[in-house]
Amino acid sequence: MIDITLYIKDIINPTEDFTRFLNDYFTGDPIIRMRVEEDHTVWSSLKGKELQVAKQMILENLGHDTAYIRAIGIFRDKTGIPLLKRLAETLDYRYCYEKLLSAKILYDWIGYTEYFDYLERVLPEGGEYTKIELSYWIRGIPKEIACKYIFMMLEDSESFVRWFAYGALKDYFGLGKQEYEETKYYTSDEVYANKRLLYKRLQQLKEKISML
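Residues numbered from 1 in each chain as written. Predicted model: local features only at pLDDT ≥ 70, side-chain atom pairs only at ≥ 80, totals over all residues. Heavy atoms only, no water.

Undergrad: Can you explain the overall build of the protein chain? Please cite residues and give values.
TA: Across its full length, the protein chain holds 16 helices and zero strands. Expressed along its principal axes, the backbone C-alpha trace of the protein chain runs to roughly 65 × 30 × 30 Å. Out of the 212 residues in the protein chain, the part that is buried amounts to 47%. Within the protein chain, residue pairs in contact and separated by at least 24 positions form 56% of the contacts whose partners lie at least 6 positions apart. (Helix = DSSP H or I, 4+ residues; strand = E, 2+ residues; numbered from the N terminus. Buried < 20%, exposed > 50% of the residue type's maximum accessible area, 1.4 Å probe, protein only. Contact = heavy atoms within 4.5 Å.)

Undergrad: Tell me what's going on with helix α8 (residues 96–110), and back it up with residues and numbers.
TA: Between the first and last C-alpha of α8 there are 21 Å, a value that for 15 residues agrees with the 21 Å anticipated at 1.5 Å per step. At the C-terminal side of α8, G111 shows a positive phi close to 70°. (Expected span 1.5 Å × (residues − 1).)

Undergrad: Could you give me a rundown of the packing of aromatic side chains, with the residues and numbers involved?
TA: Each aromatic ring pair is summarised here by two numbers: the centre-to-centre distance and the angle between the ring planes. Considering all chains together, one arrives at 19 aromatic pairs under this definition. Ring centres 5.7 Å apart and planes at 65° place the aromatic pair F21 and F26 in the edge-to-face group. Site record: aromatic cluster; members linked through ring pairs are F18, F21, Y25, F26, W43, Y68 and F75. The ring of F151 carries K206 above its face, with NZ or CZ at 5.2 Å from the centroid. (Phe/Tyr/Trp six-rings, centres within 6.5 Å; stacked < 30°, edge-to-face > 60°. Lys NZ or Arg CZ within 6 Å of the ring centre and 35° of its normal.)

Undergrad: Residues and numbers for the packing of helix α12 (residues 143–153) against helix α16 (residues 195–210), please.
TA: Contact geometry of α12 with α16 gives a least axis separation of 12 Å together with a crossing angle of 160°. It follows from the interaxial angle that α12 and α16 lie roughly antiparallel. Classified by chirality, the crossing of α16 by α12 is right-handed. Note on element contacts: α16 touches α12 through L202, L205, K206, I209 and S210, opposite K143, C147 and F151. Of the residues in the contact of α12 with α16, the class split is five nonpolar, one polar and two charged. (Axes fitted to C-alpha atoms, helices over the stretch in contact; angles between N-to-C directions. Parallel < 35°, antiparallel > 145°, perpendicular 65-115°, else oblique. Left-handed = near helix turned anticlockwise from the far one by under 90°. Nonpolar A, V, L, I, M, F, W, Y, C, P; charged D, E, K, R; others polar.)

Undergrad: Which residues make up helix α5 (residues 48–60), and what are the values?
TA: Look at α5: 18 Å from first C-alpha to last across 13 residues, which is about the 18 Å you get at 1.5 Å a residue. Taken together, the buried positions of α5 are E50, L51, V53, A54, K55, M57, I58 and L59. Looking at the packing, one finds that the buried side of α5 touches α1 (5–8), α2 (16–27), α4 (42–45), α6 (66–75) and α7 (80–90).

Here it is as structure tokens:
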């Protein structure tokens, strides 16, 4: 249990933003962070001493809490770089999502190309929750690499994963809103069960995006 009094003893009359920060990241129901419902806007609202204390609390209590990892990716204090590298390099594969998230934030932040090694090792064997975040994992990466994982996930045994993979493709190539019937055409269980049909439709898809 974190003793927050050690951090906030010098903050008199905390602002509403700081109070919200404490609730969402430390004192409130952990389900807030588990559902990614923490208020990210506090990082643009907090100022001065409150901002410094908030950063310190996140950095010193990082662990493998994804909300804290995301927070470092938002406020981008350079002291967080070695902390995220340590997570990416040392977390075991029970924490595949946290491992990959740390590396992706570093890629977006400092061009951490080791991210591609983690993507190669983690994503194919990751859990469903990791796989359905494909749109985020491929955002901003080279087209050839992005397509590799899009089509890998379009062949996943879980229909939910295939559905999100098609959404990731639409998002990556800026093809507009994901439509139900169109997605079903490529990802339904009926199509997946007929491998000849599946590969034929995926080839059509590859030819379509090769022109983009």
